[in-house]
Each structure stands twice: as structure tokens, then as C-alpha cells.
Amino acid sequence: MSRWKELPSELHPHVHQLIVRLRKLKDRSGLSVRQLAAKTGYSARSWQRYLNGRSLPPREAVEAAARMGGDDPSRLLVLHEIAADRWAEGRVVTADAPENAPSASPPAPTERQPYGRYPRVLVPAGAVALVLSVSTAVLLAVRLVEARAELADIGAGTVGAAPATVSESLVPVVYTCRLERRDGRWYAGLSRTTDTILAYTHMGPEVAEAQCLLRRAGIPPGDIDGIFGPKTQRVVERVQTRNGLVVDGVIGPHTWKVLRQAAPE
């Protein structure tokens, strides 16, 4: 028996087909939901919603899943485009009778409802989700300040990093790029790693090293703060696209190789 939950019955067949394909790709890749999240930049909770038919995955997530599962992204993206149109249309239900019920009289007026079992609670549920999102953002900011404060205590011992400071501007750690080329590779004086996996929300001198190399390559990620945030993720994806790598926003051995050898734009 399959370990997957049954998909919602109200899903359009094209949406259903897309999700089934994504489930097969995940099974083929052998990755857990957490590993899938680390490689794509989308949270494990988001992937659970995508794979259970509660939310339509974005185009970028579908493309990344196709590449990791060894499938042709172009064909899957065509299916995603069709599914996105059907998802936006919602499902059609009649006011007085179930769908497809035979009737000799003209059909009753119809209304379109979004996918989901309880459309009447979508508005209050959305308000709760908004509150939770804001609370999560505040909690993340507090944790970043605490983590940076800890880095400030040990920053003086970090190779190549400027003295760490804590301030009200929420930028308590500042790294300095000291670029040099050795044996055909570029280094910024913060880390000599070539295979450390870095992904969204990671922190530390290895992230600052990657940010320095991104700046040297001509696509600066903003402040060299050692925080793998949305802007850093976007420029990593640009580098991966430009060099024909899997576009997952995660820095691994192949992306490190490009960053350490790439010529600036």
C-alpha cells in the first residue's frame, strides 16, 4: 500500500496529475522532505502542502524537483502551467445539486469556489496565517540578534573576519573580503571550503566567503554579513543559471567550484 495520503477529491485532473508526478520524482530521488527543502530553498512544510494537494507549488520548485528526480523539466513545466490555470479557476459546484447529477431541468446557477474543503473559513484562516507569519518573522529576527551576539564573543578568533560588533541596526557582524588567487582559485580569507553545503537561513564565515566570491563575480548579494537570506539565494540561482548548473539556490561542490574559478562579469 502506498504511503502517500489520498489527494483531495475536488482537485482538477490536471492538478492531480502534476502532484502525482511530483510524488514519483520525490520517491525516485530518495530524498526526505527535509532534504528536499534544503536543496530547493522551499521549507519542508511547504513541500508537505505541495505533495498533499493543499497548495500549488511554484514553477521554480517544480523545475528543481524535476532535475533532482532525473526528469525533463520542460515537460513538467508545461503540465504545471496547465495545472496553474485550473487551480486559479477553482472548482465549479452547483447550488442545488451535486456535480454531474442528471437533471431534465436547466442547470442551477453555479459559483466558483477555490480548492479546499472548507472555503467559508478561508478568510479567517488567512488572517491567522498572517499573524503567525509576522510572529515567526519577529522570532527569527530575535534569534538572529542572539546568534550574532554569540558570534561577536568569538568573532575576534575567526580567521579573516573583522571584529564583530552588536548594534541596534541588526547588523552586529561585519566581514571583510580579502581576495587572493592561489592555484587558479579565488579565496576571500574567510573560509577555504570547497564542498560545504550552504542553504537558505545558514549563517557564518562560510556564507560570508560565498558572498565575497559572488561580489567578485559581478553579482553582489548585498552586505557581506554571513547571513544566507533571500537576496543571497537569488544571486546564487543567477550564477547557477549562467553556468548550466542545477538551479536550486543551494551552494554545494559544483557551485563552489564556479565561484572560486569564475571570472567577473
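For the structure itself, consult the block above.
Because the structure is a prediction, the values reported are computed rather than measured.

A. Spotlight on the pattern of salt bridges. Applying the stated criterion to the full structure yields 4 salt bridges. The shortest N-O distance in the salt bridge between R21 and D71 comes to 2.9 Å. Remark: D71 occurs in the loop between α4 (59-68) and α5 (73-89) and R21 occurs in helix α1 (residues 13-29); sequence separation between them is 50 residues. Judged by relative accessible area, R21 falls into the partly exposed class, the value being 26%. What makes D71 buried here is its relative accessible area of 15%.

B. Representation of unusual backbone geometry within the structure. For D183, which is not glycine, the phi dihedral falls at a positive 50°. By the element assignment, D183 lies in the loop between β3 (180-182) and β4 (185-187). Given a relative accessible area of 81%, D183 falls into the exposed group.

C. Spotlight on the state of the cysteines. Per the stated rule, a full pass over the model turns up 1 disulfide. With its sulfur 2.0 Å from that of its partner, C177 forms a disulfide with C212. Residues C177 and C212 share a disulfide whose torsion about the S-S bond is about -85°; that sign makes it left-handed. Here C212 lies in helix α7 (residues 205-216) and C177 lies in the loop between α6 (122-154) and β3, a separation of 35 residues in the sequence. Accessibility expressed as a relative area gives 1% for C212, which makes it buried.

D. Structural context of the side chain of E209. Take E209: it is sitting in helix α7. Judged by its relative accessible area of 0%, E209 falls in the buried class. Polar contacts involving the side chain of E209 include one to the side chain of R260, which spans 2.9 Å. Those residues in contact with E209 that lie beyond four places of it in its chain are Y187, A188, G189, L190, S191, W256 and R260.

E. Spatial organisation of the packing of aromatic side chains. Following the criterion strictly, the structure yields 2 aromatic pairs and no others. Ring geometry for Y42 against Y50: centres 6.5 Å apart, planes inclined by 70°, an arrangement best described as edge-to-face. The exposure class assigned to Y42 is partly exposed, which follows from its relative accessible area of 23%. Judged by relative accessible area, which is 6%, Y50 ranks as buried. Consider the rings of W47 and Y50, whose centres lie 5.4 Å apart with planes at 80°: the pair is edge-to-face. Separated by 3 residues within a single helix, W47 and Y50 lie in helix α3 (residues 44-51), roughly one turn from each other. Residue class for W47 comes out buried when judged on its relative accessible area of 0%.

F. Here's a closer look at the environment of S191. In this fold, S191 is placed in the loop between β4 and α7. A relative accessible area of 12% means that S191 is categorised as buried. Counting along the chain gives 14 residues from S191 to P205, while the straight-line C-alpha distance between them is 6.5 Å. Of the polar contacts made by the side chain of S191, one reaches the backbone nitrogen of T193; its length is 3.2 Å.

G. Seen up close, a positive patch on the surface. Together, K5, R45, R49 and R54 give the surface a local cluster of positive charge. Summarising the element assignment, K5 is placed in the segment before α1.

H. Expanded view of the packing of α1 against α4. Two elements in contact, α1 and α4, have axes separated by 8 Å at closest approach and are oriented at 40°. When the axes of α1 and α4 are compared, the pair comes out oblique. The handedness of the crossing between α1 and α4 is left-handed. Across the interface between the two elements, L22, L25 and S29 from α1 touch V62, A65, A66 and M68 from α4. Here the residues of the contact of α1 with α4 are counted per class, giving 6 nonpolar, 1 polar and no charged.

About the thresholds
Residue positions within a chain follow its written sequence, with the count starting from 1. With the structure being a predicted model, the display of local features is reserved for residues of pLDDT at least 70 and the display and counting of side-chain atom pairs for 80 or more, all residues being used for whole-chain, interface and lining totals. Side-chain measures were taken over the full set of non-hydrogen atoms in the model, leaving aside hydrogen atoms and water. Just to be clear on terms, a salt bridge is a Lys or Arg side-chain nitrogen sitting within 4 Å of an Asp or Glu carboxyl oxygen. Secondary structure elements follow DSSP: runs of H or I no shorter than four residues count as helices, runs of E no shorter than two count as strands, and numbering proceeds from the N terminus. Burial status follows relative accessibility: with a 1.4 Å probe on protein chains alone, a residue under 20% of its type maximum counts as buried, one over 50% as exposed, and anything between as partly exposed. We call a pair of cysteine sulfur atoms a disulfide when they lie within 2.5 Å. Here a polar contact means two N or O atoms within 3.5 Å. Within protein one must be a hydrogen donor candidate and the other an acceptor candidate, and residues neighboring in sequence count only if both atoms are side-chain atoms. Pairs of residues are marked as contacts when any of their non-hydrogen atoms sit within 4.5 Å. Two rings from Phe, Tyr or Trp (for Trp, the six-membered ring) form a pair when their centres are within 6.5 Å of each other. A pair whose planes differ by under 30 degrees is stacked, one over 60 is edge-to-face, and the rest are tilted. What makes a patch is a set of residues exposed beyond 30% relative accessible area and free of salt bridges, joined within 9 Å when like-charged and within 5 Å when nonpolar (Val, Leu, Ile, Met, Phe, Trp, Tyr). Per-residue accessibility takes into account occlusion by the displayed protein chains alone, with areas from the Shrake-Rupley method and a 1.4 Å probe. Lys and Arg are tallied as positive, Asp and Glu as negative. Neither His nor the chain termini are counted. Here the site of a charge means NZ on Lys, CZ on Arg, CG on Asp, or CD on Glu. Fitted lines through C-alpha atoms give the axes, limited to the stretch in contact for helices. The angle between two N-to-C directions lies from 0 to 180 degrees. Working definition: roughly parallel below 35 degrees, roughly antiparallel above 145 degrees, roughly perpendicular at 65 to 115 degrees, and oblique for all remaining angles. In this scheme the crossing of two helices becomes right-handed for a clockwise turn of the near helix relative to the far one and left-handed for an anticlockwise turn of less than a right angle. Each residue gets one of three labels, nonpolar for Ala, Val, Leu, Ile, Met, Phe, Trp, Tyr, Cys and Pro, charged for Asp, Glu, Lys and Arg, and polar for the others, Gly among them.

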